[in-house]
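The residues making up each chain are set out below.
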Protein chains: 2
Amino acid sequence: MSWENAASISTLFSLEDITKVAKEPRKPNALTPVLALSAEARSKGYDLVCLPLTTEKWKKRWTEMCLLPSGVDSDADMAAEQRAEAWRAKPGFLLEEVTYNTARSRVGVALQQELAYASYLNIPTAILPPPRSREHVSSYARTIHACLKSSSYIHLSIRLPIYNPSVLEGRLTPMTSPSSSGGLLPGSPTPSTPRLVVPDDRRTETTSGNLDATWEMWDVIRSICDYNTRLSLTLDLTPPLPIKSSLLSKWKAEPIRHLFLPSSTFIANTKGYPVLPKGTQSFIRESMTASIFQAAMTSGTVENFAQGYQDYLQAPLQPLMDNLQSVTYQTFEQDPVKYHNYEEAIFQALVDWPGEEKIIMCVAGAGRGPLVARSLSAIERSGRDAFIYVVEKNPNAYITLQGRKEAEWGDKVTLLFGDMRFIEVPEKADILISELLGSFGDNELSPECLDGAMRFLKPDGISIPSSYTAHLAPLSSSKLYNEARAGKDDKSVETPYVVMFQAVNILSGDGGGTSGHCGPQIQECWEFEHPRRDAVVDERTGLPLTNSHNARSATMDFFIPHAGVLHGLAGYFEAVLYGNIGLSIHPHRKDRISKDMLSWFPLFFPFKDPLYLPSNSELKVSIWRLTNQRQVWYEWHAEAFLNILGAPPTDNDVVPSPRSASGNSFANGGPLFGSPVRSPSPFVDSNDPFDRRSFRNESLDAGGGSRLVKISQTSLHNPGGRSSWIGL
Amino acid sequence: MSWENAASISTLFSLEDITKVAKEPRKPNALTPVLALSAEARSKGYDLVCLPLTTEKWKKRWTEMCLLPSGVDSDADMAAEQRAEAWRAKPGFLLEEVTYNTARSRVGVALQQELAYASYLNIPTAILPPPRSREHVSSYARTIHACLKSSSYIHLSIRLPIYNPSVLEGRLTPMTSPSSSGGLLPGSPTPSTPRLVVPDDRRTETTSGNLDATWEMWDVIRSICDYNTRLSLTLDLTPPLPIKSSLLSKWKAEPIRHLFLPSSTFIANTKGYPVLPKGTQSFIRESMTASIFQAAMTSGTVENFAQGYQDYLQAPLQPLMDNLQSVTYQTFEQDPVKYHNYEEAIFQALVDWPGEEKIIMCVAGAGRGPLVARSLSAIERSGRDAFIYVVEKNPNAYITLQGRKEAEWGDKVTLLFGDMRFIEVPEKADILISELLGSFGDNELSPECLDGAMRFLKPDGISIPSSYTAHLAPLSSSKLYNEARAGKDDKSVETPYVVMFQAVNILSGDGGGTSGHCGPQIQECWEFEHPRRDAVVDERTGLPLTNSHNARSATMDFFIPHAGVLHGLAGYFEAVLYGNIGLSIHPHRKDRISKDMLSWFPLFFPFKDPLYLPSNSELKVSIWRLTNQRQVWYEWHAEAFLNILGAPPTDNDVVPSPRSASGNSFANGGPLFGSPVRSPSPFVDSNDPFDRRSFRNESLDAGGGSRLVKISQTSLHNPGGRSSWIGL
């Protein structure tokens, strides 16, 4: 594949390279060594060059001033301290201390001085060596943060090995750094041991936690730097990567700006040509988000349709409050899959409809009429006798509908102008067709609108769609976290967004987790059915007395196999149109149910503050769909737990909720906790706080005497719909 | 002891009590049953009454409407649902459904309806029963939050048992709720089992984690309610308390508004009189903060001196930037202990001074002269021949000094007006005396000021104080957290405050923790010495070339024995004046070194967001004292770890730093990580990120194959001194 548009290739010069050129005999007005090397690199087709900024001379002076003091020979220490103080007071390089010179700079202390010099030379990115040890990361990070604050535009990139290869040898030995000039700044030790063997999968499995070590360092650094957008990662791919790149998927959510590939990374293939190890190849392909990249080139795919929308936050539509623009309708009418499935569902319903008499159909919320056209062609295909009432509340779209009736539909349809919740329809329909679904299913108020439309659907009538479910998964994404908080006020971090995910990593895994109580990677929250079985309506108006039956709540437990940072929740929907015909954006099922459907990106529920989740932890997510007489809104919250093996059980132990969605059954839970949410009254909770439901003995035995310990929690997001709500 | 000023005693009426009175024959215009009972209670000397708001009739109707639906008999369910919807649409009590009536109210759904009715009756506090189970706490809490938002002034208090007594029986059985009318609202089941035995200490030790269970519930509730100030705790003391109330100290940091003591809490003493169990007694005494309370009555104590200052946040003084007011000097001159110790130190120094010739003394920063007076009396007592130069930069205080010289001191002193960092003094001093210490030792820039004063101290001269150290401990306090964020802008949560602690719990414990690497409960950060041994000064000015030698950094590991929420750090100082005479506000040492000293309250370093810490976790705190040419400021940060027993070691393992303060030794660490902080340069960190220093094998074996897993972190606070700094 071509990386042209995805990456630029740069070469790296070591101090040795530079010295070598410098030693060569040169004409009086020839280029400086570095400029000569750069010209050579450009001629070889490299886009960029990467080189150390300072020489051994500087390293030597600095070391003698600031590191060597022995603490025993106080005279020598004092002398060194005197030189150091003199330098601190008037810091600067000597000519022979830098590789690339056109002038001299004067700044604060070492790193600041080096970066200022780099900025002065208009170097776009300074690649910094990794911290010395996990123990010192916080001080290292604090210094990086200070440098970012003191410089206005230069980008800093931390060079980190993708993992500690020594763990693959099953013990903790110092790892080999890739090269003696592995960054803009000098100092990496030269390789001391030969190549490491590529791990077999079993080995990798058992030590998967080890792959988190360098990521954990990165997380401390970027957290202390408050996710600064000028801070990025230079991932050192010297250690051979395991084939199972799933273990490395966490890097997908991080701002990788450079991949570091010293020649030692390449191995000889059977023909003796240098190639990269398989695992490394596939990881690079993923880092380039090649999949998305290639798909984007293929027309008809979501990726192609959605170019430029990757990781871009959009406020969900409010079609009930706002009248959509014609261009918005046009965009969504482009979706062939969605309307094809609708036509099939309508066709099946018509074919299945008993009896011979005329079938009354109603398209509720027709927009510019795509479903009317599909209904008519379904009628024609089915050979049934049918008539369509077309309801639309948007006066502008209604004009388009009148045009189409005149030009295309004639007397096969009757147009009715008004809101489906209040309009009077001449006769009750056998089949009601609507397209009111949002990315999370109910988030564009399909349940509330169809409650109204039920007035003109016969008791035994069919609703297309007949049901839909909402699904959630915990995600990590530095990009989306920064996008969400870039909003002008705090509300922006408590608002669900429509987003096409790219630099996103789903943190949850399948399997029951260490406690055995966790659900699958993506879990169902709740369901809505039409027509409702339990409808209670006002005899006079035919409308529900309150909207409380459309409230929902769900608690889900997710297993987090690898350490990561929770930035939000990914929301998806799946709908049954009729029979076995549906629509789905559920990542595991969409290709089976509605491949290449374009109309919906997932929903993103952000969390105000990142929540760190260790390997093998469990995340309890609670989400509520709430309502009053004027609005509908979501509230969300999460708690993290960690399984402590071999610890004595205590009544802190928690049994995660059953993974089944709390759905719309009457059986489970009390008013506060069942679903749909019923009128809360505290006395239903005044029972024993330590009853068996919450502290079952099974939980204590789960995973062999292990128990869940609470380790952290988020705040409650969007209480009372203070930051985001959907207007009724 | 008397609780008069600390608490009011209220009595509780059950539904039975009310019914009984209602049944009695009454005169036509007699009081209603509740009013009659209240009058009786008042006559018996109770300050308040507590009673259920609704009757069994309401409970029955609500249960039938909203709980009973079976899910099997759909007709019955539908009928119930119809009644429920009708009530939700038009909610309200019937007369016989409330105990206390003067009118009727109409509000939303059950709890809201009940609270609105309570507000209507001007009831100040509604005590709510506990959540049904740990599993349902988040939904319970979300509902409480909604009620707080919808009501404007009524206080809500959650009744929680102080712990789950069943754990003391070594197994998990349902606990007995205290009473059938244990709150404003009905519904607690009646006691089903006899009294529980008071646990012996060993038992309590081993299950100490169990005592956290109800606290963990409370933490979820108040966190989801965002620490609402109208939300409080009603602690149910029915379960007998262990004598070791240290296990219960966490409650000290929580807003306990009521203690719930049903008659069943009392036991018969030897004489057969009802008394409370010993553990319960001592806990109540502490909840009443009786210690502070009594001390406050005793003059001469800090508590008495500081009445009204408990948990009140004060910005630290900036005596260098601001000229203090006379009243401020006066306040601090009231401290007998501080000046007594100073006089003793000066006296000792004079006595120890070799030779017979005249001793030159200098009081640097004399303010209104207290140290001058003490010096003169020390000279007199020592019988030595001495002369004092008095330096002061505050022009207003200088007037007072001139007055005292004229009236008291005469030619025993010479006054010099100016800043000790720049002023010229006629001759060099043998003994330099200053009082520039802040609550954290160096936080009022004593090190920087004395750097200047060293110009006029002889090389072999004595500085009083000769050294001082800063100390930290992690703390929890809902009160201080709310106080800090009450500030108008974000800066208020990144500013250290001077506070007299009251509703505060120190989270750390002694002992090495599960990893064996933790320091004591309160740990030393760093030290300053005068005169400095390693002084490097400009020959011309006699001043240091830079202030980098006064930068410091420290990393400390604290053991957290019991689950708690980290809200900030408590800062203390300890100073050596001369020989074995000192000043200290270190909680464990102050009474030995400077008992009843009044001048300093501790420093409080807040954290922006509360950090949950599980039982047996470890907290790594990093703090930096940083400086440029104009300012000095602190930055702080924390990471939490949990020990996973029996898990295989990985290179995620962390060895906490040695507990020794990083002090001012040259031996340890590189520029970034040693102390004093030296000029940072990245290449000293370019070594192997996985070297043995960070992943010693000892750590893996610590606690028998256990290892530390990172579980959470705070953000970096006050980077670059953006929110708070001290001006040079």
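Residues numbered from 1 in each chain as written. Chains lettered and ligands numbered in written order. Predicted model: local features only at pLDDT ≥ 70, side-chain atom pairs only at ≥ 80, totals over all residues. Heavy atoms only, no water.

Residues and elements named next belong to chain A. What UniProt calls "active site" (unreviewed entry) maps, in this numbering, to Glu435 and Glu444. Take glutamate 435: it is sitting in the loop between β12 (429-434) and α16 (446-453). Those residues in contact with glutamate 435, other than ones at most four positions away along the chain, are Lys338, Tyr339, Tyr342, Gly365, Pro370 and Leu371. At 2.6 Å, the side chain of glutamate 435 forms a polar contact with the side chain of lysine 338. Mapped onto the fold, glutamate 444 is located in the loop between β12 and α16. For glutamate 444, a relative accessible area of 16% corresponds to the buried category. (UniProt positions renumbered as here; feature names shortened; annotations may be inferred. Helix = DSSP H or I, 4+ residues; strand = E, 2+ residues; numbered from the N terminus. Contact = heavy atoms within 4.5 Å. Polar contact = N/O pair within 3.5 Å; in protein donor to acceptor, adjacent residues only side chain to side chain. Buried < 20%, exposed > 50% of the residue type's maximum accessible area, 1.4 Å probe, protein only.)

This part is about helix α4 (residues 74-89) of chain A. Helical geometry: 3.6 residues make up each α-helical turn, so side chains three or four residues apart lie on a common side. Residue and element names in this part refer to chain A. Compared with an ideal rise of 1.5 Å per residue, which puts 16 residues at 22 Å, α4 spans 22 Å between its outermost C-alpha atoms and is within 8% of the ideal. Taken together, the buried positions of α4 are Asp77, Ala80, Glu81, Ala84, Glu85, Trp87 and Arg88. Each buried residue of α4 sits inside an arc of 160° when the element is viewed along its axis, so together they form one side. For α4, the elements touching its buried residues are α3 (56-66) and α5 (110-120). (Expected span 1.5 Å × (residues − 1). Arc of directions from axis to C-beta.)

What follows deals with the sheet that holds strand β3 (residues 125-128) of chain B. Residues and elements named next belong to chain B. Pairing in this open sheet of 4 strands is parallel, and the strands run β3-β4-β5-β6 from one edge to the other. For this open sheet the edge positions go to β3 and β6 (256-260), each flanked by a neighbour on one side alone. The average undirected angle you get between the axes of adjacent strands in this sheet is 25°. Each of β3, β4 (155-161) and β5 (231-236) touches helix α6 (residues 137-150); the most contacted strand, β4, lies at about 155° to it. (Pairing = 2+ DSSP bridges. Axes fitted to C-alpha atoms, helices over the stretch in contact; angles between N-to-C directions.)

Here the focus is the nonpolar core. Of all hydrophobic cores here, the largest spans 218 residues; its most connected members are Ile464 of chain A together with Ile464 of chain B. Leave out the neighbours within four places in its chain, and isoleucine 464 of chain A touches Tyr342, Ala345, Ile346, Ala349, Ile431, Leu432, Ile433, Ser434, Leu577 and Tyr578 of chain A. Residues Trp215, Ile221 and Ala563 of chain A together with Leu626 of chain B belong to the second largest nonpolar core, which totals 56 residues. (Core = buried A, V, L, I, M, F, W, Y, C linked by side-chain atoms within 4.5 Å.)

Moving on to the pattern of salt bridges. What the rule picks out here adds up to 59 salt bridges over all chains. Across the pair glutamate 135 of chain A and lysine 620 of chain B runs a salt bridge whose closest N-O atoms are separated by 3.2 Å. One end of the pair, glutamate 135 of chain A, is in the loop between β3 (125-128) and α6 (137-150); the other, lysine 620 of chain B, is in strand β22 (residues 617-627), on a second chain. This pair shows no difference in class: glutamate 135 of chain A is buried, exactly as lysine 620 of chain B is. For the salt bridge of glutamate 343 of chain B with arginine 374 of chain B, the shortest nitrogen-to-oxygen distance reads 3.0 Å. (Salt bridge = Lys/Arg side-chain N within 4 Å of Asp/Glu carboxyl O.)

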